[in-house]
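Descriptive structure summary
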Amino acid sequence: GQYLADHKQDNHSFDKAITVSFPAVIEGMVDSSQSDFYRFYALEGDILTFDVLAQRLGSNMDSFVKLYDSEKKLVANADDTELGPDSSFSCTIRK
């Protein structure tokens, strides 16, 4: 798998998204006024799981995750779960 420590990179737009490969763990610091963007390649039928560990590790961050396709159309998103404010979801990649 890939481990990425994203502490100082400017990835605050689609055009500056950091490319990651799965499986991956991304560690970073966030600014509540900006979003962080990541790019990955997946095949139709792939099942991907996204799990934010923030408040479960003592952070006060309240995450919100959005998944876009290659045409920048929103295909999935996740906010709080029944366990608290850490975002978590799985999705199957569609064509």
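Source: prediction; values computed, not measured.

What the protein chain contains, in helices and strands, is zero helices and eight strands. Taken from N to C terminus, the helices and strands of the protein chain fall in the order β-β-β-β-β-β-β-β. Taking 95 residues into account, the globule formula puts the C-alpha radius of gyration at 12 Å, and the protein chain, at 13 Å, falls close to it. For the protein chain, the accessible area works out to roughly 7100 Å², and carbon and sulfur atoms hold 50% of it. Averaging the positions of the 9 positive and the 16 negative side-chain charges in the protein chain gives two centres separated by 7 Å.

Covered by surrounding structure in strand S8 (residues 88–92) are Phe89 and Cys91 only, the residues Ser88, Ser90 and Thr92 on the alternate face being uncovered. Inspection of the sheet shows strand S5 (residues 47–51) paired to S8 by five bridges, in the antiparallel sense. Considered in S8, the bridge of Phe50 is made with Phe89.

On to the pattern of salt bridges. For the coordinates displayed, the defined rule picks out three salt bridges. In this structure, the salt-bridge partner of Asp10 is Lys16, at a minimum N-O distance of 2.8 Å. Residue classification places Lys16 among the partly exposed positions, given a relative accessible area of 44%. Where salt bridges share partners, they join Asp51, Arg56 and Asp86 into one cluster.

Right, let's talk about the nonpolar core for a bit. In this structure, Leu48, Phe50, Val52, Ala54, Val65, Leu67, Ala76, Ala78, Phe89, Cys91 and Ile93 together form the largest nonpolar core, which totals eleven residues. Elements that contribute at least two residues to this core include exactly S5, strand S6 (65–68), strand S7 (74–78) and S8. With sequence-adjacent residues up to four places away left out, Val52 is seen in contact with Met61, Ser63, Val65, Asp86 and Ser87.

A few words on the environment of Asp10. Structurally, the position occupied by Asp10 is in the loop between strand S1 (2–6) and strand S2 (18–19). C-alpha of Asp10 to C-alpha of Asp36: the two residues are 26 residues apart in sequence and 8.2 Å apart in space. A polar contact of 3.4 Å, which involves the side chain of Asp10, links it to the backbone nitrogen of His12.

Turning our attention to the pairing of S7. As judged from the four bridges shared by S6 and S7, these two strands associate in the antiparallel manner. Looking across to S7, one finds that Lys66 is bridged to Asn77. Hairpin geometry of S6 and S7 is characterised by an intervening segment of five residues between the two adjacent antiparallel strands and by a positive phi of about 65 degrees at Lys72.

Basis of the calculations
- Residues numbered from 1 in each chain as written.
- Predicted model: local features only at pLDDT ≥ 70, side-chain atom pairs only at ≥ 80, totals over all residues.
- Heavy atoms only, no water.
- Helix = DSSP H or I, 4+ residues; strand = E, 2+ residues; numbered from the N terminus.
- Rg over C-alpha atoms; globule rule 2.2 N^0.38 Å.
- Areas by Shrake-Rupley, 256 points an atom, 1.4 Å probe, with all protein chains shown as cover.
- Lys, Arg positive; Asp, Glu negative; His and termini not counted.
- Charge placed at Lys NZ, Arg CZ, Asp CG, Glu CD.
- Buried < 20%, exposed > 50% of the residue type's maximum accessible area, 1.4 Å probe, protein only.
- Pairing = 2+ DSSP bridges.
- Salt bridge = Lys/Arg side-chain N within 4 Å of Asp/Glu carboxyl O.
- Core = buried A, V, L, I, M, F, W, Y, C linked by side-chain atoms within 4.5 Å.
- Contact = heavy atoms within 4.5 Å.
- Polar contact = N/O pair within 3.5 Å; in protein donor to acceptor, adjacent residues only side chain to side chain.

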